[in-house]
Amino acid sequence: MSVPSISKTESFQVSVTTLCDFAARSGDLDLRFTPGPSASEGMEGHRLIAARRAPGFASEVAVQGELGSVQVRGRVDGLSLALQLVEEVKTHKGPVERIPENQQALHWAQAMVYGHLLCQQHGLAHMDVRLLYFDLLKQKESRDTRRQQADELARFFDGLCARFRQWGEQEKAHRTQLQAALQALEFPLGQMRAGQRQLAEQVFMGARRGRVLLAQAPTGIGKSLGTLFPMLKAMGEGRVDKLLFLSAKTTGRATALEALELLRAHPHASVGAAGQPHAPGADGPLSAGREAGQQASDSAQEQGRRAGVPLRIVEITARDKVCVHPDAACHGESCPLAKGFYDRLPQARLDAVRLADAHALDQARIAAIAAEHAICPYYLSQELVRWADVVVGDYNYWFDTSAFVYALAVAEGWRVGLLVDEAHNLVDRGRGMYSAALSGFALQGLSRLAPKPLKRPLTRLRAQWNRVMEPLQPGYQETELDDELLMALQEFIGRTSDFLSEHPADLPRELQQFYFDAIQFTRLAEEFGEHSLCDVVRPAQLPEVLPRGRLQDGVLTLRNVVPAPFLRPRLGAAACAVLFSATLQPPRYYADMLGLPEDHGWLDVPAPFKAEQLRVQIVPVSTRWNDRERSVEPIARLIVQQYRRQPGNYLAFFSSFVYMRQVHEKVRDIDLKISLWEQTSGMSEAERKSFIARFREGGQGIGFAVQGGAFGEGMDLPGSRLIGAFIATLGLPPVDPVHEAMRKRLDGLMGEGFDYVYLYPGVRKVVQAAGRVVRTESDRGVLYLIDDRFQRIRQRGLLPAWWEVASGSSSSGTHSAGSWPLRECPHTNDQA
């Protein structure tokens, strides 16, 4: 394995890439060649080079060697033992001579290490070492070959290992101590909550078996601890090398960091006579912590029990949120934090891992270390991912087209344990990651901004754009991908890449953004299929005669409908994965949309709440579009009556800001004394915090919000901070041309277009919003479901099983989807 880890012989294993990145990098951070090739483009470039080689020229050849306790492994891009030639291939875009010298030196270091390992492995006296750059745009090779004697290569390798050895010994000790500590780790809160143990056991079994688990677990049982603890125990068994906790929201990442700090600082279990750690009141695998034959030394156990868990936790954050010089380009001639970045990185990295022994390296701590050493905080955090045990970040770091952690994990061979928090969000987020749009309005003004070398490709692109758009009618319509337009986009991208390589600071911001959009569009066009739509939205009013030099207006979109084909290989690249949320009904919808393997596990954890904790009342008022104006006053009076009957804090959810404001104004007209506050569009972080702060313990007032927005999930208001909620409408997306096109496509693919586009996402938003009311086993509250469609049996079956829903004089419970534990391994879709 190329990940830094401990083998059975206790040697420290490291990849060739990591060794060279650590010991052979120097000088400036320089990203003038980004966006570089995507992972798929790079792999395709390597395949093209391999296909050009003569028979007997091998590709992807595994090699390894060692110096003392450092064991180095990697894969050679190209090898001919008959010619004694090793080849290191690097794909790029733009003139090869513009690749910075320090980057070329790094590439040479990798090639020479491979040369040494092969000389050592085959007893060769010399090796021809070739560095080959392949321009993906021009399909052109640039080669440089140097004959190296075996002793020269050995001295070079020894020098790198000498610089790495002390760090490697430190990492070896860290991994040994960590594994012992994790084997002895107890659950930090004593007994687990109801349902939490069931969740933890299934997560642990899934990690042991390398499985994907879809887990619906209710609010209030502690899902973050219930997934992190068993995954860390699996790490203690050597099942995974690194944990990756992903969340769509800042609140989810904050909760994970709090849970990890609790686990890291918690005292460990005592060790029994057989050397097995025991958790209180439990005899299962989470208590046993390891299998026979995997026991650490007694001294390591004792050291692990005395100290906290030496768990390195790193939070990674989007570049635009941590960038200190947003107006500067990422290279030493523009940004002072890029100048000499790799010269100052070693000490910053050392200080960071020392601090990690006592604290999680969250955004603020990483920023402080970066400021102390005058380096970029974003790229420091990326470096720290290599040496972290747990990484906390957003979905995009694993699932996006250019996901950094995913690419690094694949390159390094890490066995990643993947935890996906609030996984219901991954459907829409996945669609967004694999969609792309081009705007005629954005393209319109680029010609006057473009430098001279880009005028011609832009003129051709404009002509192709007008040719495609001119025959299309106003409004929304599906269309076909146009090959000539794609060729014009490719030419524009190629010429812009060439220009950027020569003039990295001279491209206007608007032109640079269109360049990035064009790259995303063409990449997705290569993978276009039934999972996506190609559509155009044109203005309602089109000019009869287009003025000279004016572009046809419109937005051309590659719109992903089913993200499964893109997400499936990302899930497959993880050693194990758990996708969990309080709302994953029906499970087959999420299995289909997220691309879960057929043998995935399904777990539905019963809620710890009782029906009497939440009085659920259906109000049969039509909130359909044509009836909304008539519904405003009855809903407002219902809200006021409930508030007068039981004063306290309430939340009222609506399907749009317009509808919300109408009811808000009517409530204010009816009773001026009630304290009201409302969500506004585009609220800042500070404004959101202020909205939540109005829900004080023992307070009285009504907050108005939109379903599916910032306050529909991830907001914890226990006790009297919230005693009731009003939810108007089923939360269905609007019936518009875009959603109708998606419905038709899903009718063809799944046979359930309406449910997949409208019903399931809508009811999920209802359940998420309702989940704000009862957060603990002592909470009590009231919930009004305002829409006559809630009376239908079909919609009732998607509501939480513990609710008892009253409608008029009738009362009915709902069914539970049940559970399929991993030990039974059924096909999830059979259950539906």
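First, a word on what this report is: a plain description of the structure on this page. (Residues numbered from 1 in each chain as written. Predicted model: local features only at pLDDT ≥ 70, side-chain atom pairs only at ≥ 80, totals over all residues. Heavy atoms only, no water.)

**Notes on the environment of His739**
Here is step 1 of the chain: Locating His739 in the fold gives a position in helix H27 (residues 737-749).
Here is step 2 of the chain: The class of His739 is buried, set by a relative accessible area of 18%.
Here is step 3 of the chain: Taking the C-alpha atoms as reference, His739 lies 9.7 Å from Gly753; in sequence the two are 14 residues apart.
Here is step 4 of the chain: Not counting chain neighbours up to four residues away, the residues in contact with His739 comprise Pro733, Pro734, Val757 and Tyr758. (Helix = DSSP H or I, 4+ residues; strand = E, 2+ residues; numbered from the N terminus. Buried < 20%, exposed > 50% of the residue type's maximum accessible area, 1.4 Å probe, protein only. Contact = heavy atoms within 4.5 Å.)

**Thoughts on empty space enclosed by the protein**
Here is step 1 of the chain: Tallied over the entire structure, the rule returns nine cavities of 30 Å³ or more.
Here is step 2 of the chain: Here the largest cavity defines a volume of roughly 120 Å³.
Here is step 3 of the chain: Cys323, His325, Cys330, Cys335 and Cys376 are the residues nearest the centre of the largest cavity, which is lined by 13 residues in total.
Here is step 4 of the chain: Broken down by class, the residue content of the lining of the largest cavity amounts to 11 nonpolar, one polar and one charged. (1 Å grid on protein atoms, 1.4 Å probe; cavity = no way out; pocket = protein on both sides within 12 Å on 5 of 7 lines; lining within 4 Å. Points joined across faces, edges and corners; volume = space filled by probe spheres on them. Nonpolar A, V, L, I, M, F, W, Y, C, P; charged D, E, K, R; others polar.)

**Notes on the packing of helix H24 (residues 628-645) against helix H25 (residues 657-670)**
Here is step 1 of the chain: Where H24 meets H25, the axes come as close as 9 Å, and the angle between the chain directions of the two elements is 50°. In terms of axis orientation, H24 runs oblique to H25. Regarding H24 and H25, the two cross each other, and that crossing is right-handed. Facing H24, whose interface residues are Arg628, Ser631, Val632, Glu633, Ile635, Ala636, Arg637, Ile639, Val640 and Arg644, H25 presents Tyr659, Gln662, Val663, Lys666, Val667 and Ile670.
Here is step 2 of the chain: Each residue belonging to the contact of H24 with H25 can be placed in one class, and the counts come to nine nonpolar, two polar and five charged. (Axes fitted to C-alpha atoms, helices over the stretch in contact; angles between N-to-C directions. Parallel < 35°, antiparallel > 145°, perpendicular 65-115°, else oblique. Left-handed = near helix turned anticlockwise from the far one by under 90°.)

**Let's talk about the pattern of salt bridges**
Here is step 1 of the chain: The tally for this structure, following the rule as stated, stands at 43 salt bridges.
Here is step 2 of the chain: In this structure, the salt-bridge partner of Glu141 is Arg53, at a minimum N-O distance of 3.3 Å. Taken together, the residues Glu141 in strand E7 (residues 140-149) and Arg53 in the loop between helix H2 (39-52) and strand E3 (58-67) connect sequence positions 88 residues apart. Judged on exposure class, the residue Glu141 and its partner Arg53 are both buried.
Here is step 3 of the chain: Asp144 is paired through a salt bridge with Arg146; the nearest N and O atoms lie 3.5 Å apart.
Here is step 4 of the chain: Given the relative accessible area of 34%, Asp144 is considered partly exposed.
Here is step 5 of the chain: Via salt bridges that share partners, Asp21, Arg25, Arg349, Glu383, Arg386 and Glu412 belong to a single interconnected network. (Salt bridge = Lys/Arg side-chain N within 4 Å of Asp/Glu carboxyl O.)

**Description of the side chain of Lys242**
Here is step 1 of the chain: Tracing the sequence through the fold places Lys242 in strand E9 (residues 242-247).
Here is step 2 of the chain: Although buried, Lys242 forms no salt bridge, and the nearest oppositely charged side chain, Asp389, lies 6.0 Å from it.
Here is step 3 of the chain: At a separation of 3.5 Å, a polar atom in the side chain of Lys242 contacts the main-chain carbonyl oxygen of Arg386.
Here is step 4 of the chain: Each residue touching Lys242, except ones within four places of it in the same chain, is listed here: Met235, Val385, Arg386, Trp387, Ala388, Asp389, Val391, Trp414, Arg415, Val416 and Gly417. (Lys, Arg positive; Asp, Glu negative; His and termini not counted. Polar contact = N/O pair within 3.5 Å; in protein donor to acceptor, adjacent residues only side chain to side chain.)

**Re the state of the cysteines**
Here is step 1 of the chain: The full count for this structure, using the stated rule, is zero disulfides.
Here is step 2 of the chain: In this structure Cys20 is not part of a disulfide, and its nearest cysteine sulfur, from Cys161, lies 9.2 Å away.
Here is step 3 of the chain: Using a relative accessible area of 0% as the deciding quantity, one classes Cys20 as buried.
Here is step 4 of the chain: No disulfide involves Cys323; its sulfur sits 6.3 Å from that of Cys330, the nearest cysteine. (Disulfide = S-S within 2.5 Å.)

**Thoughts on the nonpolar core**
Here is step 1 of the chain: Ranked by size, the top nonpolar core spans 143 residues in total, and within it Trp398, Phe399, Leu418, Leu579, Leu785 and Trp803 carry the most contacts.
Here is step 2 of the chain: Among all residues touching Leu785, those that are not within four sequence positions of it are Val616, Gln617, Ile618, Val619, Ile727, Val766, Phe790, Leu799 and Trp803.
Here is step 3 of the chain: By size, the runner-up hydrophobic cluster in this structure holds 42 residues, among which are Ala200, Ala207, Ala259 and Val309. (Core = buried A, V, L, I, M, F, W, Y, C linked by side-chain atoms within 4.5 Å.)

**Some remarks on the layout of surface pockets**
Here is step 1 of the chain: The computed volume of the second largest pocket comes to approximately 1300 Å³.
Here is step 2 of the chain: The wall of the second largest pocket is formed by 43 residues, among which Thr251, Gly252, Thr255, Gly714 and Met715 lie closest to the centre.
Here is step 3 of the chain: Mapped by element, the contributors of at least two residues to the lining of the second largest pocket are helix H6 (223-236), helix H7 (250-265) and helix H26 (685-693).
Here is step 4 of the chain: Per-element accounting of the lining of the second largest pocket gives the leading share, eight residues, to H7.
Here is step 5 of the chain: When grouped by side-chain class, the residues that make up the lining of the second largest pocket number 13 nonpolar, 16 polar and 14 charged.

**Describing the pairing of strand E4 (residues 70-80)**
Here is step 1 of the chain: Within E4, nine of the 11 residues are buried, leaving the element largely enclosed by the surrounding structure.
Here is step 2 of the chain: As judged from the four bridges shared by strand E2 (residues 12-15) and E4, these two strands associate in the parallel manner. Across the sheet, Ser15 pairs through a bridge with Arg73, a residue of E4.
Here is step 3 of the chain: Relative to E4, E3 runs antiparallel, the two sharing nine bridges. Following the sheet pairing, Glu66 is matched in E4 by Gln71.
Here is step 4 of the chain: As consecutive antiparallel partners, E3 and E4 are separated by two residues, and within that stretch Gly68 has a phi angle of approximately 65°, a positive value. (Pairing = 2+ DSSP bridges.)

Spatial relationships are all this shows, so hold off on functional conclusions.
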